[in-house]
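# Coordinates in review
Take a look at the letters that make up each chain.
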Amino acid sequence: MPRPFVALAFVFFAFIALAPAAPDAPKPEDFVTVQKGTLPIIISAPHGGRKKVPDVPERVGTGLTNFQTVRDENTAELVEKLVTEIEKLLGAKPWVVIARFERKYLDVNRSREQGYESDKAKPYYDAYHDPLAAACKAVKEKHGRGILLDIHGQAAFTGAICRGTQNLKTVKLLKDRNGMPAIRGQNSILGRMEKLGYKIMPPTDAAETAKEEAQFTGGYIVATYGSHTAFAIDTIQVELGSNLRAKDKYTTTATDLADAIRTFHDAYLKDEKK
Ligand SMILES: [Zn+2]
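Residues numbered from 1 in each chain as written. Predicted model: local features only at pLDDT ≥ 70, side-chain atom pairs only at ≥ 80, totals over all residues.

## Details of the environment of Ile-98
Defined as follows: Note on conventions: DSSP H or I runs of at least 4 residues are helices, E runs of at least 2 residues are strands, and numbering of each starts at the N terminus. Whether two residues are in contact is decided by their C-beta atoms, placed from the backbone, lying within 7 Å.
When you line up the elements, Ile-98 lands in strand β3 (residues 95-99). Here the alpha-carbon distance between Ile-98 and His-228, two residues 130 residues apart in the chain, equals 24 Å. With near-sequence residues (within four places) excluded, Ile-98 lies in contact with Val-32, Thr-33, Ala-45, Ala-76 and Val-79.

Here it is, written out as structure tokens:
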């Protein structure tokens, strides 16, 4: 190549390499709310997002058996209120990851293979799971144990809360250490919610072998970070009925859930390795 062209080519590639991204290019981290915490408590809300992801096409779900694109209405807002209330009651911060992108572009409660279809969605998927994995590692390292509540919404049992632990697999350590009372007793999160008047499925006085509702036994998040895995965090998918997430009800639900988390924290998460 003649010398002037080499110089020109160099200038051209240098320009491409150094050119700043367009100012309006979406940043994946702007589509996820992340808070680092100090408590052994992690709150995740993957399905309440309302934002369009401009450079990612909507998913079509070819060949998928459990393909869902519907938002878990008001769960992002409910979790914001929940976090505020936990901070008031415990005087410290939980770890938080809230999706702001709409589920129809990607579903972070699915495996990578099932959660998105365009490579352009990958950075958004990572923007959710990277901080969630980091939270689990940090909690485990600092406290030796912890709880992750993955907050969802369902409309099959409108007034009820369905427990999703893959039939106790994802709370293995909690169950081994403290038995079923830590999962459904009076100082457990769901036991306390029942005491506050909520219907829990399966009911807290059901046989220990009672199965969780088949479609709400817990998805990818509780399965990935649960205490049966190397992350070793007890994980519960909390499926809130639509009445509990209604516009005029979700702040009450969040306030009660914060109370239940405080009860559980004081009974089972205090005085651990610092
Ligand atoms: Zn959901």
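## Things to note about helix α2 (residues 75-90)
In plain terms, the rule: Every helix has an expected span of 1.5 Å times one less than the residues it contains. With C-beta atoms placed from the backbone, a residue is labelled by how many other C-beta atoms lie within 10 Å of its own: buried for 20 or more, exposed for 12 or fewer, partly exposed between the two. The arc in question is formed by the directions pointing from the helix axis toward the C-beta atoms.
Taking 1.5 Å per residue as the helical rise, α2 with its 16 residues ought to reach 22 Å, and the 22 Å between its terminal C-alpha atoms agrees with that figure. Among the residues of α2, those classed as buried are Thr-75, Ala-76, Leu-78, Val-79, Leu-82, Val-83 and Ile-86. One side of α2 carries all its buried residues, which in axial view fall inside an arc of 145°. In this structure, the buried residues of α2 make contact with β2 (41-45), β3, β4 (147-154) and α9 (250-269). Where α2 terminates, the next one or two residues include Gly-91, which has phi positive at roughly 65°.

## Quick notes on the packing of α2 against α9
For any two helices packed against each other, one specifies the crossing angle of their axes together with the interaxial distance. Inclusion rule: Geometry is summarised by axes, namely lines fitted to C-alpha atoms with helices restricted to the contacting stretch, and by angles between N-to-C directions that run from 0 to 180 degrees. Between 65 and 115 degrees an angle is taken as roughly perpendicular, under 35 as roughly parallel, over 145 as roughly antiparallel, and anywhere else as oblique. Helix crossings get a hand from a simple test, with the near helix turned counterclockwise from the far one by less than a right angle marking a left-handed crossing and a clockwise turn marking a right-handed one. Under the grouping applied here, Gly and all other residues not named as nonpolar or charged are polar, the nonpolar ones being Ala, Val, Leu, Ile, Met, Phe, Trp, Tyr, Cys and Pro and the charged ones Asp, Glu, Lys and Arg.
Relative orientation of the contacting elements α2 and α9 amounts to 40°, with a least axis distance of 8 Å. Considering their axes alone, α2 and α9 lie oblique with respect to each other. As α2 runs across α9, the sense of the crossing is right-handed. Here α2 contributes Glu-77, Leu-78, Lys-81, Leu-82, Glu-85, Ile-86, Leu-89 and Leu-90 to the contact with α9, which in turn contributes Tyr-250, Thr-251, Thr-253, Ala-254, Thr-255, Leu-257, Ala-258, Ile-261, Arg-262 and His-265. Of the residues assigned to the contact of α2 with α9, the class counts are 10 nonpolar, four polar and four charged.

## Focus on the nonpolar core
Counted only if it meets this: To define a nonpolar core, we join buried Ala, Val, Leu, Ile, Met, Phe, Trp, Tyr and Cys residues through C-beta atoms within 7 Å and take the resulting set.
One finds Ile-42, Ile-43, Val-79 and Leu-82 to be the most contacted residues of the largest nonpolar core, which totals 67 residues. Once you skip the residues sitting within four places of it in the chain, Ile-42 turns out to touch Pro-94, Trp-95, Ala-135, Cys-136, Val-139, Gly-146, Leu-148 and Ile-233.

## Topic: the sheet that holds β3
For clarity, the threshold we go by: At least two bridges found by DSSP between two strands is the condition for calling them paired.
The mixed open sheet is built from seven strands, whose spatial order is β1-β3-β2-β4-β7-β5-β6. Every other strand in the sheet has two partners, leaving β1 (32-35) and β6 (199-201) as the edge strands with one partner each. Strand-to-strand twist in this sheet, taken as the mean axis angle between neighbours without regard to direction, amounts to 20°. Looking at chain direction, β2 and β4 are connected through four bridges and run parallel. If you follow Ser-44 over to β4, its bridge partner there is Asp-150. Lying over the sheet, α2 contacts β2, β3 and β4, oriented at roughly 160° with respect to β2.

## Structural notes on the environment of Ala-156
Mapped onto the fold, Ala-156 is located in the loop between β4 and β5 (160-164). Given 13 C-beta atoms within a 10 Å radius, Ala-156 is considered partly exposed. With 71 residues separating them in the primary sequence, Ala-156 and Glu-85 have C-alpha atoms 28 Å apart.

## Here's the deal with unusual backbone geometry
The step from Met-201 to Pro-202 runs through a cis peptide bond, and the omega angle for that step is -5°. Along the chain, Pro-202 turns up in the loop between β6 and α8 (220-225). With a phi angle near 55°, Asn-167 is a residue other than glycine that sits in the positive phi range. With respect to the secondary-structure elements, Asn-167 resides in the loop between β5 and α5 (172-178). A tally of 15 C-beta atoms within 10 Å means that Asn-167 is categorised as partly exposed. Within the chain, Ala-232 stands out as a residue other than glycine whose phi angle is a positive 60°.

Read these as spatial facts, not as claims about activity.
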